[in-house]
Amino acid sequence: MSIEIQTIEQNGNYKIQVSGQVDLYTSPNLRKSLLEAIDKSKETITVQLSHVEYMDSSGVATLVEGLRSATKQKKIFQILSPSHAVRKVLNLSRLETVFQITESN
Amino acid sequence: MRDDFTITFRSHPKLLKPVRALVRNYLEAAHFSQEKIDDMVLGLDEACTNCIRHAYHGMRSEFIQLSARLGTVWLEFELQDCGTCPPKDFLNREKSKNIEPASIKPHGLGLIILRRAFDEVSFHVNEDGKNCLILRTRRKKRLGKVK
């Protein structure tokens, strides 16, 4: 498997750290972790994508699904420090302004 | 134009990663910019993903054939599959649609990426009845005739 996903709980909120390659093969794992974390989270879900080497539209679709699920539950969904590969695919799919993106200090 | 390479691989999602690596190495050897290589690798991956998801409906034991040709002006990839033929207008479906946050759908992003990654995208069914997707990128600008 070319993806690693770590879920960290912080005061009832969840942070998901993703590294490796997110594509048709690996995105179902990310989807599962993401939707579980959204359901459990009190208020905020942060997805750290600084170590993602590659992401395709399957990965973007997973993030969109996460955003929609979080919004529906009135929770905050944010992307932290997206890598160049993530920014590239968000830009090509014209979704770079849809997500709340923050950079780590 | 002769093929530089042709590979046939199973329609299993785990094979997308080695196919991406092969295409990246090929494009690096052809001296495309890193930015353009990233775009084309992503676009080709989207085309393969579409084959697996839509032509073969997720079946993992069918076959996909990828060929690459590098001419003086154009780089061309050809992707063939024997799966379900897409609707005639599938390449134009999302062409002029602006994406608004409220109307985002998790599916259909692949075609948008595919069209933005290559200069020309076309589809036809060949004489053997196979689906053929042609992805072309202009290698360099045409130079004027030297007098």
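Undergrad: Hey, could you run me through the overall build of chain A in this one?
TA: Looking only at helices and strands, chain A has three helices and five strands in total. Taken against the 2.2 N^0.38 rule, which gives 13 Å for 105 residues, the C-alpha radius of gyration of chain A at 12 Å falls within 12% of a compact globule. Dimensions of chain A along its principal axes, counting C-alpha atoms only, are 30 × 30 × 30 Å. At a minimum sequence separation of 6, the contacts of chain A that also span at least 24 residues come to 72%.

Undergrad: Looking at this structure, how should I read the confidence of the model for chain B?
TA: Low-pLDDT stretches of the model should not have their predicted coordinates read in fine detail. Summing up the model confidence of chain B, the mean pLDDT is 87 and the portion of residues at 70 or higher is 85%. Per the prediction output, this complex has pTM 0.89; the corresponding ipTM is 0.89.

Undergrad: Whenever I open this one, the interface of chain A and chain B confuses me. Can you help?
TA: One frequently used descriptor of interface size is the decrease in accessible area upon assembly of the parts. Listed as interface residues are 19 residues of chain A and, on the opposing side, 21 residues of chain B. Sorting the residues of the side of chain A that touches chain B by element identifies helix 2 (57–72) and helix 3 (84–92) of chain A as the ones contributing at least two each. Within the side of chain A that touches chain B, the residues separate by chemical class into nine nonpolar, five polar and five charged.

Undergrad: Teacher, can you tell me more about the sheet that holds strand 1 (residues 5–10) of chain B here?
TA: Backbone-to-backbone hydrogen bonds join strands into a sheet, with any given pair of strands oriented parallel or antiparallel. Residue and element names in this part refer to chain B. Spatially, 1-2-3-5-4 is the arrangement adopted by the five strands of the open sheet, whose pairing is antiparallel. Strands with a single pairing partner mark the edges of an open sheet, and in this sheet they are strand 1 and strand 4 (120–125). Along the sheet, successive strands turn relative to each other by an average axial angle of 15 degrees, direction set aside. The pairing of strand 1 with strand 2 (residues 63–70) spans six bridges and is antiparallel. Its bridge partner being in strand 2, Thr-8 is matched across the sheet by Gln-65.

Undergrad: Quick question: what am I supposed to make of the sheet that holds strand 2 (residues 13–22) of chain A here?
TA: Residues and elements named next belong to chain A. One open sheet accounts for five strands, arranged 1-2-3-4-5; its pairing is mixed. Both edges of this open sheet fall to strand 1 (3–10) and strand 5 (100–102), since each of them pairs with a single strand only. For this sheet the average axis-to-axis angle between neighbouring strands, irrespective of direction, equals 25 degrees. Bridge count for strand 3 (residues 44–55) against strand 4 (residues 76–80) is five bridges, and the pairing is parallel. Bridge assignment links Ile-45 to a residue of strand 4, and that residue is Phe-77. Along the sheet face, helix 1 (residues 27–40) touches strand 1, strand 2 and strand 3 and points at about 175 degrees away from the line of strand 2.

Undergrad: What should I look at first to understand the packing of helix 2 (residues 34–55) of chain B against helix 3 (residues 109–117) of chain B in this one?
TA: If you want to describe how two helices pack, look at the angle between their axes and the distance between the axes. Residue and element names in this part refer to chain B. Axis separation between helix 2 and helix 3 bottoms out at 8 Å; the angle between their running directions is 140 degrees. Judged by the inter-axis angle, helix 2 sits oblique to helix 3. Crossing of helix 2 against helix 3: the hand is left-handed. Here Asp-39, Met-40, Leu-42, Gly-43, Glu-46, Ala-47, Thr-49 and Asn-50 of helix 2 come into contact with helix 3, specifically with Gly-110, Ile-113, Leu-114 and Ala-117. Of the residues in the contact of helix 2 with helix 3, the class split is six nonpolar, four polar and two charged.

Undergrad: I tried to follow helix 2 of chain B on my own but got confused; where do I start?
TA: Given 3.6 residues per turn, any residue in an α-helix points the same way as the ones three and four places further on. Residues and elements named next belong to chain B. Between its terminal C-alpha atoms helix 2 stretches 30 Å, which fits the 32 Å expected from 22 residues at 1.5 Å a residue. Of all the 22 residues making up helix 2, 16 are buried; the element is thus mostly covered by neighbouring parts of the structure. His-57 occupies a position one or two residues after helix 2 and carries a positive phi of about 50 degrees.

Undergrad: What should I look at first to understand the environment of B:Thr49 in this one?
TA: Structurally, B:Thr49 is set in helix 2. Accessibility expressed as a C-beta count within 10 Å gives 21 for B:Thr49, which makes it buried. For the pair B:Thr49 and B:Gly110, spaced 61 residues apart in sequence, the C-alpha separation works out to 8.2 Å. Discounting residues that sit within four places of it in the chain, B:Thr49 has contacts with A:Leu24, A:Asp56, A:Ser58, B:Leu16 and B:Gly110.

About the cut-offs
- Residues numbered from 1 in each chain as written.
- Chains lettered and ligands numbered in written order.
- Predicted model: local features only at pLDDT ≥ 70, side-chain atom pairs only at ≥ 80, totals over all residues.
- Helix = DSSP H or I, 4+ residues; strand = E, 2+ residues; numbered from the N terminus.
- Rg over C-alpha atoms; globule rule 2.2 N^0.38 Å.
- Contact = placed C-beta atoms within 7 Å.
- pLDDT = per-residue confidence, 0-100.
- Nonpolar A, V, L, I, M, F, W, Y, C, P; charged D, E, K, R; others polar.
- Pairing = 2+ DSSP bridges.
- Axes fitted to C-alpha atoms, helices over the stretch in contact; angles between N-to-C directions.
- Parallel < 35°, antiparallel > 145°, perpendicular 65-115°, else oblique.
- Left-handed = near helix turned anticlockwise from the far one by under 90°.
- Expected span 1.5 Å × (residues − 1).
- Buried ≥ 20, exposed ≤ 12 C-beta atoms within 10 Å, placed from the backbone.

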